[in-house]
Amino acid sequence: MSSNRARGQRAGLTRQAVLEAALALADREGLKALSMRRLGAELGVEAMTLYHHVASKDALLDGIVEQIFAEVVPPLFHGASWRADLRDYAHALHATLLAHPNVVPLVVSRPATTPRNLSFMENALASLRAAGFPLGRALDVLYAVSGFVLGHIATAPQGADDGRRAAADPLDGLDPEEFPLLAEAARTGHRHSGPDSRFAFALDAMLSGFDAARGPRS
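Residues numbered from 1 in each chain as written. Predicted model: local features only at pLDDT ≥ 70, side-chain atom pairs only at ≥ 80, totals over all residues. Heavy atoms only, no water.

Engineer: How would you sum up the nonpolar core? Please name residues and give values.
Structural biologist: Across soluble globular proteins, nonpolar side chains have a tendency to be buried as a group. In this structure, Leu60, Leu97 and Phe210 are the most contacted members of the largest nonpolar core, which totals 53 residues. Elements with a minimum of two residues in this core: α2 (15-29), α3 (36-43), α5 (57-72), α6 (82-99), α7 (104-109), α8 (115-130), α9 (135-154) and α11 (189-210). (Core = buried A, V, L, I, M, F, W, Y, C linked by side-chain atoms within 4.5 Å. Buried < 20%, exposed > 50% of the residue type's maximum accessible area, 1.4 Å probe, protein only. Helix = DSSP H or I, 4+ residues; strand = E, 2+ residues; numbered from the N terminus.)

Pasting the structure below:
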């Protein structure tokens, strides 16, 4: 065993500990603060020690995305109901991204292709295929739900807490003479629905549409 490897082991680190510390640092100070040197300082080791656990900065960033999905996945996709599984997954991903706003751009820009995340996708596809979805269409469904959640989060006003949004409504103050339908919608249903209920409405509409893509029922 090399001396470098021995030093890495003596530090008492694991890949999981490194990823958890990286996510915590990004949560606290943003992605720009995340460097191997800074992360090593957080963990009390030299930056080079981290390379025993993550091969590169790119591998570290992929691992942070993995951590986000790891918070979402464990209780999901048991196969009892494909519709309930997808709804639970979407709401869990939504809540997790809200809890980690600083890493949303990372999740949007990097495909989740670590072995751990691929195992999650494999299990989800098995559940959807058992529910009657052709395999290729099952993958489309999984990507569609994930993309819907990411888009909903990514387009929210910065600093806004979904469901308690303080940002001004873009439909406030519309001239009802010029925009009668928009003004009426803002005055009635739009204002009272809120982002949470719009999210749930759109998700349920997607799930209803997916039902048409399933194969013959047994």
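Engineer: Before we move on, can you summarise the packing of aromatic side chains with the specific residues and values?
Structural biologist: Taken as a whole and judged by the stated rule, the model has 3 aromatic pairs. Between Trp82 and Phe133, the aromatic rings sit 5.0 Å apart at their centres with planes inclined by 80°, giving edge-to-face as the arrangement. Residue Trp82 is found in helix α6, and its partner Phe133 is found in the loop between α8 and α9; the two are separated by 51 residues along the sequence. The class of Trp82 is buried, set by a relative accessible area of 9%. Among the residues examined, Phe133 registers a relative accessible area of 2% and is labelled buried. (Phe/Tyr/Trp six-rings, centres within 6.5 Å; stacked < 30°, edge-to-face > 60°.)

Engineer: Residues and numbers for the side chain of Ser146, please.
Structural biologist: In this structure, Ser146 sits in helix α9. Leave out the neighbours within four places in its chain, and Ser146 touches Tyr89 and Leu93. (Contact = heavy atoms within 4.5 Å.)

Engineer: Now, about the packing of α2 against α5: what can you tell me, with residues and values included?
Structural biologist: Where α2 meets α5, the closest approach of the two axes is 9 Å, and the angle between their N-to-C directions is 85°. Relative to α5, the element α2 lies roughly perpendicular. Residues Arg15, Gln16, Val18, Leu19, Glu20, Ala22 and Leu23 of α2 lie in contact with α5, whose contacting residues are Leu60, Gly63, Ile64, Glu66, Gln67, Ile68 and Glu71. Of the residues belonging to the contact of α2 with α5, the class tally is 7 nonpolar, 3 polar and 4 charged. (Axes fitted to C-alpha atoms, helices over the stretch in contact; angles between N-to-C directions. Parallel < 35°, antiparallel > 145°, perpendicular 65-115°, else oblique. Nonpolar A, V, L, I, M, F, W, Y, C, P; charged D, E, K, R; others polar.)

Engineer: Describe the UniProt feature "DNA-binding region" (unreviewed entry) in the chain, listing the residues and the values that go with them.
Structural biologist: Following the UniProt record, one finds the feature "DNA-binding region" (unreviewed entry) at residues 35-54. The straight-line gap between the two end C-alpha atoms of residues 35-54 is 13 Å; of that span, 60% is helix and 0% is strand. (UniProt positions renumbered as here; feature names shortened; annotations may be inferred.)

Engineer: Break down α3 for me, citing the residues and quoting the values.
Structural biologist: For α3, the full list of buried residues reads Met36, Leu39 and Gly40. Viewed end-on, α3 has its buried residues packed into an arc of 105°, placing them on one side of the element. Facing away from the buried side of α3 by more than 90 degrees, the exposed set consists of Arg37 and Ala41. Summarising the contacts, the buried residues of α3 are in contact with α2, α4 (47-50) and α5. After α3 finishes, the residue Gly44 shows a positive phi value of roughly 75°. (Arc of directions from axis to C-beta.)

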